[in-house]
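# Chains, contacts and geometry: an overview
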Amino acid sequence: MRVLVAEDEPYMAEAIRDGLRLEAIAADIAGDGDTALELLSVNAYDIAVLDRDIPGPTGDEIAARIVASGSGMPILMLTAADRLDDKASGFELGADDYLTKPFELRELVLRLRALDRRRAHIRPPVREIAGLRVDPFRREVFRDGRYVALTRKQFAVLEVLVAAEGGVVSAEELLDRAWDINADPFTNAVRITVSALRKRLGEPWIIATVAGVGYRIDTAPGTGRAGGDRG
């Protein structure tokens, strides 16, 4: 899961980001509304966590833009106000959930996971391709009926590749979708993770490397029909 957190209090923002990372939730931080809108325009997020009182375009304005975009992205509002009228106005703007400061990080994690499960109902719960069966909600992978144990990062990478349905996914896109914004674009983390994932899935290799382009799920592993370098 990758979330955008729009929060202008630096210490709180860092604590949220670090805490979510420990729960395998990638979080990008925006300290003001303009940065939040910029990040939303270039990255794909599963959920937006918006402080209502950030500088620039407020959390309310950002929420309104998300709703108007038709993306269906769930929105969790943060606020220091605990009045029912404040909560009601947030829900009317399109918020899906609400947290009043101060809050426990554990509660934020539980609410994010609940929103992600709710969001999942609008998507096919299981993807199948070339003998792979990937259930993103149970976090399970089977290959030809055999259960495959994956790390969280390996699973995140496989999710992106499977969603492409055999199309090529660049290393940059994998880094963008499976890591957070602080990932080093020059790192070899993608190559290392894909290599380890390929070995976990076993032979015949099902993840093909398309030289100079990226990676893809080989829809005909072992036959040579999918093309691309296997290195």
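See the structure above.
The structure displayed is predicted, hence computed values, not measured ones.

### What to know about the nonpolar core
Residues Leu-132, Leu-158, Leu-174, Leu-201, Ile-207 and Ile-217 are the most contacted members of the largest nonpolar core, which totals 26 residues. Where this core is concerned, the elements lending two or more residues are strand E7 (132-135), helix H6 (152-163), helix H7 (171-178), helix H8 (189-201) and strand E11 (214-217). If one sorts the elements of this core by residue count, H6 sits on top with seven residues. Setting aside its immediate chain neighbours within four residues, Leu-158 contacts Leu-132, Val-134, Val-141, Leu-150, Leu-197, Leu-201 and Ile-217. Leu-37, Ala-48, Ile-75 and Tyr-98 belong to the second largest nonpolar core, which has 19 residues in total.

### Some words on the pattern of salt bridges
Per the stated rule, a full pass over the model turns up eleven salt bridges. A salt bridge links Arg-113 to Glu-23; its shortest N-O distance comes to 3.3 Å. Of this pair, Arg-113 sits in helix H5 (residues 105-120) while Glu-23 sits in the loop between helix H1 (10-22) and strand E2 (26-30), and the two are 90 residues apart along the sequence. The exposure class assigned to Arg-113 is partly exposed, which follows from its relative accessible area of 26%. Under the relative-accessibility criterion, Glu-23 is labelled partly exposed at 26%. In this structure, Arg-111 engages Glu-107 in a salt bridge whose closest nitrogen and oxygen atoms are separated by 2.8 Å. In this pair, Arg-111 and Glu-107 both sit in helix H5, four residues apart, roughly one turn of the helix. For Arg-111, a relative accessible area of 23% gives the class partly exposed. For Glu-107, a relative accessible area of 32% gives the class partly exposed. When salt bridges that share partners are traced, they join Glu-7, Glu-9, Asp-51 and Lys-101 into one network.

### Let's talk about the pairing of strand E4 (residues 75-79)
The element E4 is largely enclosed, with a buried count of five among its five residues. Burial along E4 is two-sided: Ile-75, Met-77 and Thr-79 facing one way and Leu-76 and Leu-78 facing the other are all buried. Across four bridges, the pairing between strand E3 (residues 47-51) and E4 is parallel. Bridged to Asp-51 within E4 is Leu-78. Crossover connection from E3 via helix H3 (residues 59-69) to parallel E4: handedness right-handed. Direction of pairing for E4 relative to strand E5 (residues 97-100): parallel, over a ladder of four bridges. Looking at the pairing, Leu-76 lines up with Asp-97 of E5.

Reading guide: rules and limits
- Residues numbered from 1 in each chain as written.
- Predicted model: local features only at pLDDT ≥ 70, side-chain atom pairs only at ≥ 80, totals over all residues.
- Heavy atoms only, no water.
- Core = buried A, V, L, I, M, F, W, Y, C linked by side-chain atoms within 4.5 Å.
- Buried < 20%, exposed > 50% of the residue type's maximum accessible area, 1.4 Å probe, protein only.
- Helix = DSSP H or I, 4+ residues; strand = E, 2+ residues; numbered from the N terminus.
- Contact = heavy atoms within 4.5 Å.
- Salt bridge = Lys/Arg side-chain N within 4 Å of Asp/Glu carboxyl O.
- Pairing = 2+ DSSP bridges.
- Right-handed = clockwise from strand over helix to strand, strands pointing away.

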